Amino acid sequence: GALLVRPECADFDAELTVGDRLEFSMGSTGAGTFEITDSPMHEAVLLLVVTRHDTLSTAMSFQSHIFAHVLNAQIAVIDAYRGHRHATPKISSKKGSESEELRFESVVALNQGIYDVELLGSNGESMAKADLVALNRESYIMMRVGVDAQAGPSYKEELVIWPRSSVLSLMSAAPRSCQALGVWAALLSVAAACALH
């Protein structure tokens, strides 16, 4: 088993098949199991986000997505925040005036380039910002994390972009090596809410 700390993302290379189970624990306590119930016909990247189910309990919840094989970069926009605050994700191109609001729980294709991503509060104020370097054939996640817990510790609201591609990679436009692996890679992203201490 691998150890992840909140909010941390990591690549795990694994050949997963229908019926395989991924078990999660907090210390020695079992916290949840994700079962593979369907398998793509081709190699694919599985995004698996593990979060707290709600603000009251330490039960886990899972969100998953299998990225398609496309030329453009793709970004999954995930809301793993648990609490009462509302936010809207927004993306803007660094080289132009183009700007677009995004929907949580969606996947968007992007042209290769450099972007500003931002979380806007209900009154339009900027709550968090980050840069995104998008490379062709790469899969990214933009994730709102944090928890306003009613029981146990709370974690501040943050914006996580992963993986973090280098601007220098735009010159070569080469995707990360794990994209070329001949296995169904599990891209495991653990949100702040799953730190169930």
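To be clear, the structure that these remarks concern was listed above.
Please read these numbers as outputs of a predicted model, since none were measured by experiment. (Residues numbered from 1 in each chain as written. Predicted model: local features only at pLDDT ≥ 70, side-chain atom pairs only at ≥ 80, totals over all residues. Heavy atoms only, no water.)

Draft legend 1. Region of interest: the overall build of the protein chain. If you tally the helices and strands in the protein chain, you get one helix and 14 strands. The burial tally for the protein chain puts 44% of its 197 residues in the buried class. Considering only contacts in the protein chain between residues 6 or more positions apart, those separated by 24 or more positions represent 66%. (Helix = DSSP H or I, 4+ residues; strand = E, 2+ residues; numbered from the N terminus. Buried < 20%, exposed > 50% of the residue type's maximum accessible area, 1.4 Å probe, protein only. Contact = heavy atoms within 4.5 Å.)

Draft legend 2. Broad picture of the sheet that holds strand 7 (residues 87-93). What the four strands build is an open sheet, ordered 8-7-10-11; its pairing is antiparallel. Looking at which strands have only one partner, the edges of the open sheet turn out to be strand 8 (99-101) and strand 11 (126-134). Averaged over neighbouring strand pairs, the angle between their axes works out to 20 degrees when direction is ignored. Both strand 7 and strand 10 (residues 113-121) contribute to a ladder of seven bridges, which runs antiparallel. Pairing of Ser 93 across the sheet is with Tyr 115, part of strand 10. (Pairing = 2+ DSSP bridges. Axes fitted to C-alpha atoms, helices over the stretch in contact; angles between N-to-C directions.)

Draft legend 3. View of unusual backbone geometry. Cis geometry marks the peptide bond from Trp 162 to Pro 163, where omega comes out at -5 degrees. Positive phi, close to 65 degrees, is recorded for Arg 137, a residue that is not glycine. In this fold, Arg 137 is placed in the loop between strand 11 and strand 12 (139-147).

Draft legend 4. Spotlight on the sheet that holds strand 6 (residues 73-79). Strands sit in the order 9-6-12-13 across an open sheet of four strands; the sheet is mixed. The outermost strands of the open sheet, each flanked by one partner alone, are strand 9 (106-110) and strand 13 (155-162). Taking the axes of each pair of neighbouring strands and ignoring which way they run, one obtains an average angle of 15 degrees across the sheet. Inspection of the sheet shows strand 6 paired to strand 9 by five bridges, in the antiparallel sense. By the bridge assignment for strand 9, Ala 73 is matched with Leu 110.

Draft legend 5. Expanded view of the pattern of salt bridges. Under the criterion given, the structure shown has six salt bridges. Residue Glu 157 is joined to Arg 85 by a salt bridge in which the shortest nitrogen-to-oxygen separation is 3.3 Å. Here Glu 157, found in strand 13, pairs with Arg 85, found in the loop between strand 6 and strand 7; they are 72 residues apart in sequence, far enough to count as distant. Residue classification places Glu 157 among the buried positions, given a relative accessible area of 18%. Residues Lys 94 and Asp 131 are paired through a salt bridge, measuring 3.3 Å at the closest nitrogen-oxygen approach. Linking Lys 94 in the loop between strand 7 and strand 8 with Asp 131 in strand 11, this pair joins segments that are 37 residues apart in sequence. Overall, the relative accessible area of 44% leaves Lys 94 in the partly exposed class. Salt bridges sharing common partners tie together Asp 79, Arg 85, Arg 144 and Glu 157. (Salt bridge = Lys/Arg side-chain N within 4 Å of Asp/Glu carboxyl O.)

Draft legend 6. Inspection of the pairing of strand 12 at higher detail. Buried residues dominate strand 12, accounting for nine of its nine residues. Residues Ser 139, Ile 141, Met 143, Val 145 and Val 147 point to one face of strand 12 and Tyr 140, Met 142, Arg 144 and Gly 146 to the other, with burial holding for every one of them. Pairing of strand 6 with strand 12, which is carried by six bridges, proceeds in the parallel orientation. What sits directly across from Ile 75, in strand 12, is Tyr 140. Judged from the six bridges that link them, strand 12 and strand 13 form a sheet pairing that is antiparallel.

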